Amino acid sequence: MTSSPPAAPRGRVGRQRDSRVGDKIFMNLARGSGILLLVVMAAIAGFLAWRSGLALSKNDGHFLTTFEWAPDAPKPVFGIAVLAFGTIVSAIIAMAIAVPVAIGIALFISHYAPRKIAQPFAYLVDLLAAVPSIVYGLWGALFLVPHMDGLTSWLNQYLGWTYIFDQTKTGTVPRNLFTVGILLAIMILPIITAVSREVFRQVPRMHEEAALALGATRWEMIRTAVLPFGRPGIISASMLGLGRALGETIAVAVVLSSNSVLSLHILDPGGGTFAQNIALKFAEAGNNGRNALMASGLVLFVITLLVNGAARLIVARRKEYSGAAA
Amino acid sequence: MSAATTTVSADARPLGRALTANRLPKWAPAAVAAGSIALGCGIGAVGGLASHLQWGLISAILFVAIGYALSARVEGRRQAKDRLATSVVWVAFILAVVPLVALTFYTIQQGADVVNGYFLSHSMKGVLASGPGGGIYHALIGTLEQVGLATATAAPVGLLTAVYLVEYGRGRLAKTVTFFVDVMTGVPSIVAGLFILSLWNLALGFNYSGFSGSLALAILMMPVVVRSTEEMLKLVPNELREASYALGVPKWKTILRIVLPTAIGGITTGVMLSVARITGETAPVMMLVFGADYINSNPFDGPQQSLPMYIWQQYSVVNNDYGYARAWGAALVLIAFVMGLNLIARGIARWRSPKGGH
């Protein structure tokens, strides 16, 4: 702008000032919306913290160790022990199933599948990500749960000695943390697959060809060239999936039959998760009940914030992954 | 069975070709797969295992194990490991296909009987929950209005933020915004709902309405729009900007007239994908819109309905076979809507991707 032609007619000066004003307005608008996003994030934390404070000051139990959830009782008692436990256990089950399978699918798409299958299949996996969670929930409750019967009793029969797979009351409908974990695994498969697939695609061609030229089999090539390069990507993809699993609400609320019992028997119905508890208790919650739910929401918010933030930091550290953050 | 024949045929090959190691014939994996599926189903049927999930799991384990054993005998350990990895990857692929196919087919199968003209054009007003009938018209209107309002709020903010990050952003503020946009994509939807509840409904005293639901949806939508728009703007070649500056066009005009139009295809795709994402959100809508059985076409006043919440209510509140049927019908409509948006969005991306994109 500074080097306008010297012989510019007079009118140009005025127009230039206009454009400079326009520039300023536009830039401030753009920067303002960026700041607005930051403000929203801060406001989420702030408002939830404020409400949580109101609830916690009235709590008769200990917020971290109490099992029951009765914030509207004359003497409010509520704690997140069961919820935290259920959230973590279901997320662990989901991760244990989803991460290996997702890495397998990503490798399938990037290195194993015939070209004709790979592209449409990658597409299908992306579509799977678009299925709304309520539909997953409905499918989980009306299709998956009845089909889990056989597997649960089989696990109970042969792996019951591990304590974890012991069903204390046989014959119950498998609306338990294990089924929830499997459903969550199906739900987070697409995101983990999508991110790791992009990372696997960006492995330098030379590394792969060098390995193959040295006589490596395809698996040895993947083990020595692809996986080491992709490890940070896999980790961050898994953490993105973990974030989803921790925060999933409605599918869990539909499938799990919850109670306030903390039990490691994951085949027994019961337990709960943060998000599921909020969705379920919200409708009949009174004033203090809502505040208490917001306190548990704040805990969930902070946990997902940490998990997602860590995942993004890992991706951002490796510049080669640009474009891999879905 | 077929596994045994494979071993025999492989062993029976003439030895003595020094440079070529023994290899399994090309059809071996397919034969092992067929054999282990037959064996798995056989074991399942004989053992009287009720769920077909187990049949599949047994077959999968057999497939991996037999393939490994066979290859280890004929080809040696390294090749066997390679085959093991290949079969595991194929099993993972099938494991992913099964739920996808099951989900899609089950939804279509259950929903197809329910969805018809009546279902799409009537509300639940005056319909007994314990009986048949009723429809999703009110939910359709609610969803369209809420998603429309959310898009109208979130898309401009997201677009401008992306413009800021790509065209202006330097220094610490831009870095902070980038990081928090990334983190914000992971905010659980229920937390967004709680936040709007505490801000809009409790602190500011507004009532349940479609609009407060759309505010929560906007929070979920914004970071997605920012991310996708950012990627698209980065693909716009710098030469275009420089050519525009060289002609004396101010920066804001360059952005509005050159940069954004060039990337418009990708931006549209991103916005549509994010619309598809928020259309299926249940949790925040459930808290903020409250759910009405009747048609309320004013999103700023009083409870509305939305498709995801309708499914939830029909399933968990009505909770009988008629409710399930209506839920499946609504689920089919919802999936069709979301998938349709996805397909159109990707079509646009292909059709109008800027040069240098993929």
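Along every chain, residues carry numbers that run from 1 in the direction the sequence is written. As they are written, the chains are lettered A onward and the ligands numbered 1 onward, keeping that order. A pLDDT threshold of at least 70 governs which residues receive local features in this predicted model, and a stricter bar of 80 or more applies before side-chain atom pairs are shown or counted, although totals over entire chains, interfaces and linings include all residues.

Q: Would you take a moment to explain the overall build of chain B for this structure?
A: The helix count covers DSSP runs of H or I at least four residues long, the strand count covers runs of E at least two residues long, and both are numbered beginning at the N terminus. Helices and strands together make up the secondary structure of chain B, namely 14 helices and zero strands. Only C-alpha atoms enter the radius of gyration, while the globule expectation follows 2.2 Å times N to the 0.38, with N the number of residues. For a compact globule of 358 residues, the expected C-alpha radius of gyration is about 21 Å, and chain B comes in at 28 Å, more than 25% above that figure. Counting other C-beta atoms within 10 Å of each residue's C-beta, where C-beta atoms are placed from the backbone, gives the exposure class: buried for 20 or more, exposed for 12 or fewer, partly exposed between. Taking all 358 residues of chain B together, 49% fall into the buried category. Taking the contacts inside chain B whose residues are at least 6 apart along the sequence as the reference set, 73% of them involve residues at least 24 apart. In this description, a residue-residue contact is defined by the distance between C-beta atoms placed from the backbone, which must lie within 7 Å.

Q: Where do I start with the overall build of chain A in this structure?
A: The secondary structure content of chain A amounts to ten helices and two strands. Secondary structure elements of chain A occur, N-terminal to C-terminal, as α-β-β-α-α-α-α-α-α-α-α-α. A globule of 326 residues ought to have a C-alpha radius of gyration of about 20 Å, yet chain A, at 26 Å, is considerably larger. Dimensions along the principal axes, computed over C-alpha positions, put chain A at roughly 90 × 65 × 30 Å. Among the 326 residues that make up chain A, the fraction classed as buried is 49%. Within chain A, contacts between residues at least 6 apart in sequence are counted, and of these 74% link residues at least 24 apart.

Q: What is the right way to look at the confidence of the model for chain A in this model?
A: If pLDDT is low for a region, its predicted coordinates should not be looked at in detail. Residues and elements named next belong to chain A. Across chain A, the average pLDDT comes to 85, with 91% of residues at 70 or higher. Summary of the metric used: pLDDT quantifies the predictor's per-residue confidence within the range 0 to 100. Below a pLDDT of 50 lies the segment residues 1–11, which in the model reaches three contacts outside its immediate sequence neighbourhood of four places, other chains included. Note on residues 322–326: pLDDT under 50 across the span, and twelve contacts to partners over four residues away in sequence or across chains.

Q: Looking at this structure, how should I read helix 5 (residues 177–201) of chain A?
A: In an α-helix there are 3.6 residues to a turn, and that puts residues three or four apart on one side. Expected helix span is given by 1.5 Å per residue-to-residue step, counting one fewer step than there are residues. Taking 1.5 Å per residue as the helical rise, helix 5 of chain A with its 25 residues ought to reach 36 Å, and the 35 Å between its terminal C-alpha atoms agrees with that figure. With 24 of 25 residues buried, helix 5 of chain A is to be regarded as a mostly interior element.

Q: For this particular structure, what's the right way to read the confidence of the model for chain B?
A: All names here are of chain B. Confidence in the prediction for chain B averages 85 pLDDT; 91% of positions are at 70 or higher. Every residue in residues 1–13 scores below 50 in pLDDT, and together they form 19 contacts with partners more than four places removed in sequence or on other chains. Note on the complex model: pTM 0.86, ipTM 0.84.

Q: Before we go on, may I ask you to explain the domain arrangement of chain B in this structure?
A: A common measure of how large an interface is: the accessible area buried when the components associate. Residue ranges labeled as domains rest on an automatic or database domain assignment. The domain boundaries assigned to chain B delineate domain 1 (2–108) and domain 2 (137–351). Centre-to-centre, using C-alpha coordinates, domain 1 of chain B lies 45 Å away from domain 2 of chain B.

Q: Could you clarify how one ought to interpret the interface of chain A and chain B in this entry?
A: If you look at the interface, chain A gives 71 residues, while chain B gives 73 residues. Among the elements that line the side of chain A that touches chain B, the one with the most residues is helix 1 (residues 10–56) of chain A, at 20 residues. Gly counts as polar in this scheme, as do all residues outside two lists: the nonpolar Ala, Val, Leu, Ile, Met, Phe, Trp, Tyr, Cys and Pro, and the charged Asp, Glu, Lys and Arg. For the side of chain A that touches chain B, the per-class residue count stands at 49 nonpolar, 16 polar and six charged.

Q: Looking at this structure, how should I read unusual backbone geometry?
A: One can expect most non-glycine residues to show negative phi and most peptide bonds to be in trans. Residues and elements named next belong to chain B. The backbone of Phe 290 sits at a positive phi, close to 80°, despite the residue not being glycine. Position of Phe 290 relative to the elements: it lies in the loop between helix 12 (283–288) and helix 13 (307–318). A tally of 19 C-beta atoms within 10 Å means that Phe 290 is categorised as partly exposed.

Q: I'm lost on the packing of helix 9 (residues 210–235) of chain B against helix 11 (residues 251–279) of chain B in this one. Help?
A: Two packed helices can be described by the angle between their axes and the distance between those axes. All names here are of chain B. All axes here are fitted lines through C-alpha atoms, helices being fitted over the stretch that makes contact, and every angle between N-to-C directions spans 0 to 180 degrees. Their axes nearest at 8 Å, the elements helix 9 and helix 11 cross at an angle of 150°. Here helix 11 runs roughly antiparallel to helix 9, going by the angle between their axes. Helix 9 and helix 11 meet at a crossing whose hand is right-handed. For the pair helix 9 and helix 11, contact is made by Leu 217, Leu 220, Met 221, Val 224, Val 225, Ser 228, Thr 229, Met 232, Leu 233 and Leu 235 and by Val 259, Ala 263, Gly 266, Ile 267, Gly 270, Val 271, Leu 273, Ser 274, Arg 277 and Ile 278, respectively. Taken together, the residues of the contact of helix 9 with helix 11 break down into 14 nonpolar, five polar and one charged. Should an angle lie under 35 degrees it is considered roughly parallel, over 145 roughly antiparallel, and from 65 to 115 roughly perpendicular; all remaining angles are considered oblique. Take the far helix as the reference: if the near one is turned anticlockwise from it by less than a right angle, the crossing is left-handed, and if turned clockwise, right-handed.

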